[in-house]
Amino acid sequence: MLQVRDLCKTFQDHESKAGRVYAVDHVSFTVEEGKFFTLLGPSGCGKTTTLRCIAGLEHPDGGDIVVADRVLYSGKQKVVVSPNDRNLGMVFQSYAIWPHMNVFDNVAFPLRVGKRRRTPKAQVRERVERALNVVELGHLAGRFATKLSGGQQQRLALARALVIEPSLLLLDEPLSNLDAKLRESLRFELKRLQREQGITTVYVTHDQSEALSMSNSVAVMQEGRISQIGDPFSIYLNPENPFVADFVGSTNFIEGVVVGRQDDGWVVRTPNGPIVVSAVMGVQENDRCMVSIRPEHIEVLGDGSDSGTNCFSGEVAARLFTGESMVYRITLPHGELNCRTSAELRFASGKPVTVHLPVKHAIALSPKDAPVRAPEEAAVG
Amino acid sequence: MTALLAAPGEVTPDLPRGERRRRRPSVTFVVAAVCLLVLGYLVLSPLVYLVWRGLTTGEGLSLANIGAAYRVSGSAEMVGNSFAFAFGSAAVSTITGTALAFFCTRTNAPLKPLLYAASLIPLIVPGILFTISWVFLLSDDIGLINHFLRAVGLDFLVVDAFSLPGMILIDGMHQAPLVFLLMFAAFRATDPALEESSLMSGATLPQTLRRVTLPLVRPALAGAVLISVVRGLESFETPAVLGIPANTWVFTSRIFQALGSYPVKYDIASIYSITLLLLTVAGLLFVQRINRRAERYQTISGKGFRPRPMDLGAWRWPVSILFGVYFLVVVLLPLLMLVWMSLLPFYQVPSVKALGSVSLENYTRIFSKPGVKSAIQNSTILALGSATAVMLFMSVVAWLTLKSKIPGRRFFDTIASVPLALPGLVLGVALIFIYLRSPLPIYGTLAILFIAYITRYMPYGMRYASSSLAQVSTELEDSARMSGAGWFDSFRRVVMPLMMPGILAGWVYVMIVSIRELSSSILLYSSNTRVLSVVIWELWANGETGVLAALGVGMVVALMLLVAVVYKLGGRVGVRDA
């Protein structure tokens, strides 16, 4: 449906020596018909620029963009289709609802301009009403757009994007301007709409839980490159590098050296003793590595059970009660670990405890200071 | 899930055929090119012709004209007068304008609303009317104020309007509202917490004023002084009405005289015009430099703060009386004098006896004067035409400057701002030079006035258009493009409506200043293309003060009604909140 190949976009930067910096650096991905694809990353990672290149609002410096077998941009073939001829729907971060029009006129606008300007009036009415009903705003058609609440504006923007029956729907952080409760309910709403309409969607967000909960597949971006691409489970459970492990969810890193294989995994030597990990990513025997384990996977046990594999004794340095869980900071002989346990488990500060790092949740990654390999051609699992 | 994402390598061994269209220049590019051509023609051609005319004689390129122009007797005195007049009136306007702005923003003195009115109304009253009504307030023999001062024995305060001090005083009062507005903005932009923390450190109020408040607004103050000096150099009405009879010449009146005498002294006019232009350009470049430096002083934090007014205590009422006097002198007295003049068949100093001859005869006589009707028609056509043209053109130029991605877009703003430094009289001189020879037969038609007005008021239109466009988020336009709208559709149906409040405000402003315009029109009109300000000038020259005043009152009332109606309407266009 959507193919992006070797997309590049540079900006002028007077501070860097080359004079130009890559905002989007040889990015490639493919989205199949009807799927929900998310570009996830911190601000400035190039995700919005990538989206705007697909939209045609930015002019890329190289690469190809193909939607439904139609070349929208090609650096080599010198094809540039202007944004108004691309037939894509887009929802902007600010919704970009035109304040001088009412709800109906906002949605009808795309049918009254450009190539669609000859749409018969009756058909305009029918299609606008259908689009408004899809987002459940049918009863507000005559209202002024500025009189809508944030959530309603967001749905109005969606209706306007859908009314042209676009080949691709582009969403630029559409939920980021809403308060937390509304955001959660609109997540379900958006997912339902996307599935019902069967519309191929590219979604941009910096919110990892949004990305994980809504997508069929996620591309994590860092400094203009795709760091890892895959379905939400593999992104969360099998991060391929420390950046993804750290950015998607939170994690503990323990430095060590891979020393050898074992029947149920690999052994990593660390200052606190050997740790058995279930998998290694991008490292081999005798390589320095980072063991990654998520706080919620660590088991905190009472004192005295310091015997099994991956068990270490430590001491509670601090604890935070967050309501749904208890977060402990535990001091080991070398370094610290963050652990999240159920709120019922209460250990006072200063209490000696034993932590258990389950083998199946521990993985060894290539160290942070090594250049992050851009897995452009990485097979996705 | 794996099927979802094939390895990119095997996706498209060869890309499907793209739409190969004829390579044609993008719409934005064409629009930019047209705008650049028009801007360049309007702005650069007068400058080039002026310099060309000044630096050539019958034998070719030479500097002989310069020497000849400055060897004319009285030219040294003229230069001295020009500077004395410009700096003097700048001093008057800066001192009054700044003091009033300070009291208005920073203190709890009552009667503040009077000051807002006092800052707006003089912008509406044409300068020629203001000056003429002051003749009847301040001239040595018939001036009302001078009569009053002599009557109460304050002879030493008497100033004659027809003298350099009189010119300075009257022009300074006309400029004061401009300084007031500039300084008002500056005082409003300074965080009062800076003053409060000075007070908390133990400084007294006068110490705080001297050591914190004034230094903070110093860049703005310097800018205001320079702008007033430049305006003083450009000023035509006061030197023409008051200076010529008093034989006190400045640049503008000399240029006017050179072109009005026989044989016409084009060489002198062009050399004086170039000199004046160099002075105003230097002044405004200096202002720009100060403003750029001033950005470091900026204390605007983005979040709005309402300055907490200082308590003046016992001084509240004396300060308010000052406001009242200012309002009386700058707004009320000139207008009342105009009304009084319009009611008498021939001028008499206001008295009970004179009340007997009051009549509305002058108002009925307006239309019997030859040329008045066509002048009203011409002024209306020109004002509507130039306001509409300026705002439409500048909306597009503002869009190119702020929103387009074409290289060198900042340049548009620079060219459109050049006429700020172009005195009206100088522009008139330059346009005469161009269209006397140009194959375009517009000399002596309304078109030449139209070109002059558009050129002069472009910079103001640009300010209004770009400040309102800056508030229109780019995403609003992007979403129109994504909806399938081309450049023209998205500009007309999304960008323009959202800019409407600014466009409308600019439209009113350009209307008003076009109707007031005298200094270019006086050089460019012909017997068929008189405009209102020119008719007033001619009535003044013929001594028909009664009809002049009646026409003036009509003009002021019409302009005020226009402003009121448009601002009333302004609430209903553009973005609707209700």
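Values in this document were obtained by computation on a predicted structure and should not be read as measured data.

1. Here's the deal with the overall build of chain B
If you tally the helices and strands in chain B, you get 23 helices and two strands. Taking 2.2 N^0.38 as the reference for a compact globule, 578 residues should give roughly 25 Å; the C-alpha atoms of chain B span a radius of gyration of 27 Å, in line with that estimate. Its C-alpha atoms give chain B principal-axis dimensions of roughly 105 × 75 × 50 Å. Split into buried and exposed, the 578 residues of chain B put 52% on the buried side.

2. Focus on the sheet that holds strand β17 (residues 299-301) of chain A
Residues and elements named next belong to chain A. Strand order across the open sheet formed by five strands is β17-β21-β18-β19-β20, with antiparallel pairing between neighbours. Both edges of this open sheet fall to β17 and β20 (336-342), since each of them pairs with a single strand only. Averaged over all neighbouring strand pairs, the angle between strand axes comes to 45°, with direction disregarded.

3. Some remarks on helix α13 (residues 316-343) of chain B
The end-to-end C-alpha distance of α13 of chain B is 38 Å, a good match for the 40 Å that 28 residues give at a rise of 1.5 Å each. Most pronounced at Leu332 of chain B, the bend in α13 of chain B amounts to some 40°, and the proline Pro334 of chain B follows within four residues.

4. Re the nonpolar core
As a rule of thumb, nonpolar side chains are buried together in soluble globular proteins. Formed by 207 residues in total, the largest nonpolar core has its most connected members in Leu2, Phe29 and Leu170 of chain A together with Met394 of chain B. Look past the residues within four positions of Phe29 of chain A in its chain and what remains in contact with it is Leu2, Gln3, Val4, Phe37, Leu39, Thr50, Ile54, Ile226 and Ile229 of chain A. Of all hydrophobic cores here, the second largest spans 37 residues; its members include Leu132, Ala141, Leu175 and Leu186 of chain A.

5. Focus on unusual backbone geometry
Residue and element names in this part refer to chain A. The phi torsion at Asp69 lies on the positive side, around 65°, for a residue other than glycine. Among the secondary structure elements, Asp69 is positioned in the loop between β4 (62-67) and β5 (70-74). What makes Asp69 exposed here is its relative accessible area of 58%. The phi angle at Lys78 is positive, at roughly 55°, despite the residue not being glycine. If you trace the backbone, Lys78 turns up in the loop between β5 and β6 (79-80). With relative accessibility at 65%, the residue Lys78 sits in the exposed group.

6. As for the environment of Ile268 of chain B
Residues and elements named next belong to chain B. Looking at the element boundaries, Ile268 is found in helix α12 (residues 266-294). Relative accessible area serves as the criterion here: at 17%, Ile268 is assigned to the buried category. Sequence separation between Ile268 and Ala69 is 199 residues; the distance between their C-alpha atoms is 5.0 Å. Excluding residues within four positions of it along the chain, Ile268 makes contact with Ala69, Val72 and Ala258.

7. A look at the packing of aromatic side chains
Across all of its chains, the model carries 25 aromatic pairs over all chains by this definition. Here the aromatic rings of Phe102 of chain B and Phe103 of chain B are separated by 5.7 Å at their centres, their planes lie at 65°, and the arrangement is edge-to-face. In this structure, Arg294 of chain A packs its charged tip against the face of Tyr236 of chain A, placed 4.0 Å from the ring centre.

8. Thoughts on the packing of helix α1 (residues 27-54) of chain B against helix α17 (residues 424-437) of chain B
Residue and element names in this part refer to chain B. Closest axis-to-axis distance for the α1/α17 pair is 9 Å, and the angle between their directions is 85°. Relative to α17, the element α1 lies roughly perpendicular. Contacts from Tyr41, Ser45, Pro46, Tyr49, Leu50 and Arg53 in α1 reach Val426, Leu427, Val429, Ala430, Phe433, Ile434, Tyr435 and Arg437 in α17. The residue makeup of the contact of α1 with α17, split by class, is eleven nonpolar, one polar and two charged.

9. Topic: helix α4 (residues 150-162) of chain A
With 13 residues, α4 of chain A extends 19 Å between its outermost C-alpha atoms, agreeing within 8% with the 18 Å of an ideal straight helix rising 1.5 Å per residue. Looking only at α4 of chain A, the buried set comprises Gly151, Gln152, Gln153, Gln154, Arg155, Leu156, Ala157, Leu158, Ala159, Arg160, Ala161 and Leu162 of chain A. Taken together, the buried residues of α4 of chain A touch β7 (88-91), α2 (103-112), α3 (121-134), β8 (168-172) and α5 (180-197) of chain A together with α19 (474-482) of chain B.

10. Description of the domain arrangement of chain B
Often, the extent of an interface is quoted as the loss of accessible area on bringing the components together. All names here are of chain B. On domain assignment, one finds that chain B holds domain 1 (35-43 + 360-573) and domain 2 (75-299). Taken over C-alpha atoms, the centre of domain 1 sits 24 Å from the centre of domain 2. Each partner contributes to the interface: domain 1 provides 28 residues, whereas domain 2 provides 32 residues. When domain 1 packs against domain 2, close to 2600 Å² is buried across both sides, 82% of that on carbon and sulfur atoms. Taken together, domain 1 and domain 2 are joined by three residue pairs in polar contact (both at pLDDT 80 or more). At the level of elements, α17, α20 (487-516), α21 (521-524), α22 (532-541) and α23 (545-570) are the ones that each hand at least two residues to the side of domain 1 that touches domain 2. Broken down by element, the residue count for the side of domain 1 that touches domain 2 peaks at eight residues, all from α23.

Rules behind the numbers
- Residues numbered from 1 in each chain as written.
- Chains lettered and ligands numbered in written order.
- Predicted model: local features only at pLDDT ≥ 70, side-chain atom pairs only at ≥ 80, totals over all residues.
- Heavy atoms only, no water.
- Helix = DSSP H or I, 4+ residues; strand = E, 2+ residues; numbered from the N terminus.
- Rg over C-alpha atoms; globule rule 2.2 N^0.38 Å.
- Buried < 20%, exposed > 50% of the residue type's maximum accessible area, 1.4 Å probe, protein only.
- Pairing = 2+ DSSP bridges.
- Axes fitted to C-alpha atoms, helices over the stretch in contact; angles between N-to-C directions.
- Expected span 1.5 Å × (residues − 1).
- Bend = angle between axes of the 7 residues up to and from the residue.
- Core = buried A, V, L, I, M, F, W, Y, C linked by side-chain atoms within 4.5 Å.
- Contact = heavy atoms within 4.5 Å.
- Phe/Tyr/Trp six-rings, centres within 6.5 Å; stacked < 30°, edge-to-face > 60°.
- Lys NZ or Arg CZ within 6 Å of the ring centre and 35° of its normal.
- Parallel < 35°, antiparallel > 145°, perpendicular 65-115°, else oblique.
- Nonpolar A, V, L, I, M, F, W, Y, C, P; charged D, E, K, R; others polar.
- Domains from an automatic or database assignment.
- Buried area = accessible area lost by both parts, 1.4 Å probe.
- Polar contact = N/O pair within 3.5 Å; in protein donor to acceptor, adjacent residues only side chain to side chain.

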